[in-house]
Amino acid sequence: PDPLFFDQPRSVTATASGVGHTEQQIHLTGTWMIPVTDKIDVGLAFGPTIFSVKQDVPNGVEVTEPGPSVSRVNVGSIDETAVGIHLGVDVTYLITPRLGVGGLARFTRGSVDVENASDSLKAGGFQIGIGARYRF
C-alpha cells in the first residue's frame, strides 16, 4: 500500500533478466500439389500444428523498504501444449524427373493459456526453409 495515500496501491517497476522461451512444433500437413510446368510444382499446405511451449514467467517479487525498490524478481516456468493451425506454400524445381530442390514458406499460429495472466501467450510465426525433394 502507498504510505502517503490512504487505500491506494503503490507502483513498483522491475526487470527480470535471463528469462527464456522455447517452442517445439509438430505439423500435420495436407498438401495440394499443382504442376505449373514440367519442372515446377507448387504445393499449398495446411493443417493443424501441435505446439509445446516453455516460458519463464515472473511469479513474485521481493520489495525492500523504504523506497520502495524491488530487490529480486522470482521467476518460475510454465510448460504447456496447445493446438493451432498452419498454412504454407511449397515450390519445387525438378532437376531430374525424380530429384529436385525446393523452398517452403509457412505461417503458424497457436495460443497458450497462462494461469493468472490477463492475456494468452501467442506461439508460432513465419517460417522459411529450403531442401531437396525426391519423388516416389
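Preceding this section is the structure that the text describes.
Residues numbered from 1 in each chain as written. Predicted model: local features only at pLDDT ≥ 70, side-chain atom pairs only at ≥ 80, totals over all residues. Heavy atoms only, no water.

Novice: Can you walk me through the overall build of the protein in this structure?
Specialist: The helix and strand inventory of the protein stands at zero helices and six strands. Listing the helices and strands of the protein from first to last along the sequence gives β-β-β-β-β-β. For 136 residues, the compact-globule estimate of 2.2 N^0.38 gives 14 Å, and the protein exceeds it by more than 25% at 24 Å. Its C-alpha atoms give the protein principal-axis dimensions of roughly 80 × 25 × 20 Å. By the burial criterion, 20% of the 136 residues in the protein qualify as buried. Contacts in the protein between residues far apart in sequence, at least 24 positions, make up 55% of those at least 6 positions apart. Total accessible area on the protein stands at roughly 9800 Å², and carbon and sulfur atoms take up 60% of it. In the protein, the 10 positive side-chain charges and the 14 negative ones have mean positions that sit 15 Å from each other. (Helix = DSSP H or I, 4+ residues; strand = E, 2+ residues; numbered from the N terminus. Rg over C-alpha atoms; globule rule 2.2 N^0.38 Å. Buried < 20%, exposed > 50% of the residue type's maximum accessible area, 1.4 Å probe, protein only. Contact = heavy atoms within 4.5 Å. Areas by Shrake-Rupley, 256 points an atom, 1.4 Å probe, with all protein chains shown as cover. Lys, Arg positive; Asp, Glu negative; His and termini not counted. Charge placed at Lys NZ, Arg CZ, Asp CG, Glu CD.)

Novice: Help me understand the layout of surface pockets, please; the structure alone is not making it clear to me.
Specialist: Over the atoms, a rolling probe the size of a water molecule traces out where space has been left empty. Looking at the largest pocket, its volume works out to about 190 Å³. Looking at the lining of the largest pocket, the elements that each hand over two or more residues are β2 (30-35), β3 (40-64), β4 (69-94), β5 (99-112) and β6 (121-134). The element best represented in the lining of the largest pocket is β4, accounting for three residues. (1 Å grid on protein atoms, 1.4 Å probe; cavity = no way out; pocket = protein on both sides within 12 Å on 5 of 7 lines; lining within 4 Å. Points joined across faces, edges and corners; volume = space filled by probe spheres on them.)

Novice: What exactly am I supposed to notice about a negative patch on the surface here?
Specialist: A contiguous patch of negative charge on the surface is contributed by Asp79, Glu80, Asp113 and Glu115. The topology assignment puts Glu80 in strand β4. (Patch = residues over 30% accessible without salt bridge, like charges linked within 9 Å, V, L, I, M, F, W, Y side chains within 5 Å. Salt bridge = Lys/Arg side-chain N within 4 Å of Asp/Glu carboxyl O.)

Novice: What is the right way to read a nonpolar patch on the surface from this model?
Specialist: Taken together, Trp32, Ile34, Val36, Leu44, Phe46, Ile85, Leu87, Val89 and Val91 make up a surface patch of nonpolar side chains, about 860 Å² in accessible area. Broken down by secondary-structure element, the contributors of at least two residues to the nonpolar patch are β2, β3 and β4. Here the nonpolar patch gets four residues from one element, more than from any other, and that element is β4. Among the secondary structure elements, Leu87 is positioned in strand β4.

Novice: I'm lost on the pattern of salt bridges in this one. Help?
Specialist: A side chain of one charge can pair with a side chain of the opposite charge if their charged atoms are brought near each other. Applying the stated criterion to the full structure yields two salt bridges. Notably, a salt bridge pairs Asp41 with Arg135, separated by 1.9 Å at the nearest N-O pair. Of this pair, Asp41 sits in strand β3 while Arg135 is found in the segment after β6, placing the two residues 94 residues apart along the sequence. Overall, the relative accessible area of 6% leaves Asp41 in the buried class.

Novice: Just to check I follow, could you spell out the nonpolar core for this structure?
Specialist: The nonpolar side chains of a soluble globular protein tend to be buried with one another. Grouped together as the largest cluster of nonpolar side chains are five residues: Phe51, Val53, Ala82, Val112 and Ala123. Those residues in contact with Val53, other than ones at most four positions away along the chain, are His21, Thr22, Glu23, Ile78, Asp79, Glu80, Val112, Leu121 and Ala123. (Core = buried A, V, L, I, M, F, W, Y, C linked by side-chain atoms within 4.5 Å.)

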